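# Architecture at a glance
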Amino acid sequence: MYVANTTIITGYLGAGKTTLINRLLRQKHGLRIAVIVNEFGELGIDGDLILNTQEEIIELTNGCLCCSVRGDLINALASLTPRLTELDGVIIETSGLADPAPVAQTFLVDEGESQNFKLDAVVTLVDARNGASLLASEPEATSQIAFADRLILTKTDLVSDSTVSELRKKLHVLNPSAQVLTASFGEVPTEAIMDIGAFDIDRLEVSPMEVRMHHTHNNDVKSLAFTSDQPIDPDRFMQWMQQVIVVDGMRILRSKGVLDFRGETRRFVFQGVQTVLDGDVQGKWPEGPRESRLILIGRGLNEAALRQGWESCLAQQI
């Protein structure tokens, strides 16, 4: 079965999503890309602004992808299925008000037409001119940033270097695992957005640098990092994660980890979107000390309770 890599491009209103996609489509990369555009409101505008003659443009106009038109997203994917072998990738541009988490869940449930599409990455654009103020006032903007696999700063030519530097620090605290790139006048190399495998569990990594950051109280969104050089009891961990889903599932935007399960020579790699989790054992651990690493990003999380739960998963030393 042919599977098309899919990229979700999100970002708050005015972040430059359509400009970036237009520039991307105009590049001489020779790729055939399908674009699904979601415009919040009754009249579709973005579809008219995406100027390209070779790409397939599908426009959803009756709501926001994260709520009322999720079924329409499935239908849009279904309409592309007969042409999958002709496509090199799919881009979904969400509304500026969309929460990307429910959109991403569409690709994790393995039902219907979504099985023909593999979520490659969630890319969030951040307006350098208004980014700091949006973080302080708009929960949707904060969620989009916290959820991202990759962040792209736009409109950096309109602000000072110090403003960009301060914004980068805020982004790193909010989402320490996301690489931050800069788009100059909407120009970003295709290889920086597509086929990067950032959402691919087979290529998921949680680097040691990520766990140095703990959390931010920006709009009550926290990035919590957990580490241990002790083996993890697999049964306790699974029970704890089930409890976390029940208690905090809808408040957790993303979760991901690389774990050293007791008695297992291979790494257990997993990630989740709210209440949907996906995980499996991957390649063997490299020689040397093993360190389990887990990151939870969410809103209104009880850090003390979650850390206590994590510690309860540590295998007893014999």
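Just so it is clear, the structure is predicted and the values come from calculations on it, not from any experiment. (Residues numbered from 1 in each chain as written. Predicted model: local features only at pLDDT ≥ 70, side-chain atom pairs only at ≥ 80, totals over all residues. Heavy atoms only, no water.)

With that settled, consider the sheet that holds strand β12 (residues 292-299). On the basis of which strands lie adjacent, the open sheet formed by 5 strands has the order β8-β12-β9-β10-β11 and antiparallel pairing. A single partner strand is all that each edge strand has here, and the edge strands are β8 (221-228) and β11 (276-284). Neighbouring strand axes in the sheet, compared pairwise and without regard to direction, differ in orientation by 10 degrees on average. Both β8 and β12 contribute to a ladder of 8 bridges, which runs antiparallel. Within the sheet, the bridge partner assigned to T227 lies in β12 and is R293. Those strands touched by helix α6 (residues 139-147) are β8, β9 (252-259), β10 (266-273) and β12, and its axis lies near 15 degrees from that of β9. (Pairing = 2+ DSSP bridges. Helix = DSSP H or I, 4+ residues; strand = E, 2+ residues; numbered from the N terminus. Axes fitted to C-alpha atoms, helices over the stretch in contact; angles between N-to-C directions. Contact = heavy atoms within 4.5 Å.)

In this structure, I36, V90, F117, L151 and L171 are the most contacted members of the largest nonpolar core, which totals 44 residues. One finds L24, I91, I152 and V188 within the second-largest nonpolar core, a separate group that totals 21 residues. (Core = buried A, V, L, I, M, F, W, Y, C linked by side-chain atoms within 4.5 Å. Buried < 20%, exposed > 50% of the residue type's maximum accessible area, 1.4 Å probe, protein only.)

Time to look at helix α8 (residues 234-248). Counted at 1.5 Å a residue, the expected span for α8 with its 15 residues is 21 Å, and the 20 Å between its end C-alpha atoms agrees. Within α8, burial applies to F237, W240, M241, V244 and D248. Angularly, the buried residues of α8 cover 100 degrees about the axis, an arc narrow enough to put them on a single face. Exposed and oriented more than 90 degrees from the buried face of α8 are D235, Q239, Q242 and V246. Elements in contact with the buried residues of α8: β9, β10, β11, β12 and α9 (303-312). (Expected span 1.5 Å × (residues − 1). Arc of directions from axis to C-beta.)

Right, let's get into the pattern of salt bridges. A side chain of one charge can pair with a side chain of the opposite charge if their charged atoms are brought near each other. Under the criterion given, the structure shown has 10 salt bridges. The residue R307 makes a salt bridge to E303 at a minimum N-O spacing of 3.0 Å. Of this pair, R307 and E303 both sit in helix α9, separated by 4 residues, roughly a single helical turn. Ionic contacts of the salt-bridge type, sharing partners, join the residues D233, R236 and R262 into one network. (Salt bridge = Lys/Arg side-chain N within 4 Å of Asp/Glu carboxyl O.)

This part is about the confidence of the model for the chain. Across the chain, the average pLDDT comes to 79, with 79% of residues at 70 or higher. pLDDT under 50 marks residues 40-70. Its contacts with residues more than four places away, or in other chains, come to 87 contacts. (pLDDT = per-residue confidence, 0-100.)

This next bit is on the pairing of strand β1 (residues 4-11). A large share of β1 lies buried, amounting to 7 of its 8 residues. Here 8 bridges tie β1 to strand β5 (residues 117-127), and the two strands are oriented parallel to one another. When the sheet's bridge partners are listed, T10 is paired in β5 with T124. Note: β1 against strand β4 (residues 89-93), 4 bridges, orientation parallel. Looking across to β4, one finds that I8 is bridged to I92.

Unlike most non-glycine residues, D195 shows phi in positive territory, near 60 degrees. Tracing the sequence through the fold places D195 in the loop between β7 (179-182) and β8. Residue classification places D195 among the exposed positions, given a relative accessible area of 54%. One non-glycine residue, Q274, lies in the positive phi region at around 50 degrees. Within the secondary structure layout, Q274 lies in the loop between β10 and β11.

Within the structure shown, the criterion is met by 3 cavities of 30 Å³ or more. Empty space within the largest cavity amounts to approximately 70 Å³. Among the elements of the structure, β5, α5 (131-137) and α6 are those that each provide at least two residues to the lining of the largest cavity. The residue inventory of the lining of the largest cavity, partitioned by class, reads 8 nonpolar, 2 polar and 1 charged. (1 Å grid on protein atoms, 1.4 Å probe; cavity = no way out; pocket = protein on both sides within 12 Å on 5 of 7 lines; lining within 4 Å. Points joined across faces, edges and corners; volume = space filled by probe spheres on them. Nonpolar A, V, L, I, M, F, W, Y, C, P; charged D, E, K, R; others polar.)

In this fold, L301 is placed in the loop between β12 and α9. Accessibility expressed as a relative area gives 3% for L301, which makes it buried. In sequence terms L301 and L224 are 77 residues apart; their C-alpha atoms lie 8.9 Å from each other. Once you skip the residues sitting within four places of it in the chain, L301 turns out to touch K222, L224, D248, R251, I252, L296 and L306.

The next point concerns the packing of aromatic side chains. Applying the stated criterion across every chain, the model contains 8 aromatic pairs. Note on F237 and F270: the rings are 5.6 Å apart at their centroids and 65 degrees apart in plane angle, and the pair reads as edge-to-face. Placement of F237 in helix α8 and of F270 in strand β10 is noted, with a sequence separation of 33 residues between them. Of the two residues examined, F237 and F270, each falls in the buried class. For the pair F261 and F268, a centre-to-centre distance of 4.7 Å together with 25 degrees between the ring planes defines the contact as stacked. Of the two residues examined, F261 and F268, each falls in the buried class. Put simply, the rings of F226, F237, W240, F261, F268, F270 and W310 touch in pairs and so form one group of aromatic residues. A cation sits over an aromatic face here: R254 above F147, 4.9 Å from the ring centre. Positioned over the ring face of F226 is R307, at 4.7 Å from the centre of the ring. (Phe/Tyr/Trp six-rings, centres within 6.5 Å; stacked < 30°, edge-to-face > 60°. Lys NZ or Arg CZ within 6 Å of the ring centre and 35° of its normal.)

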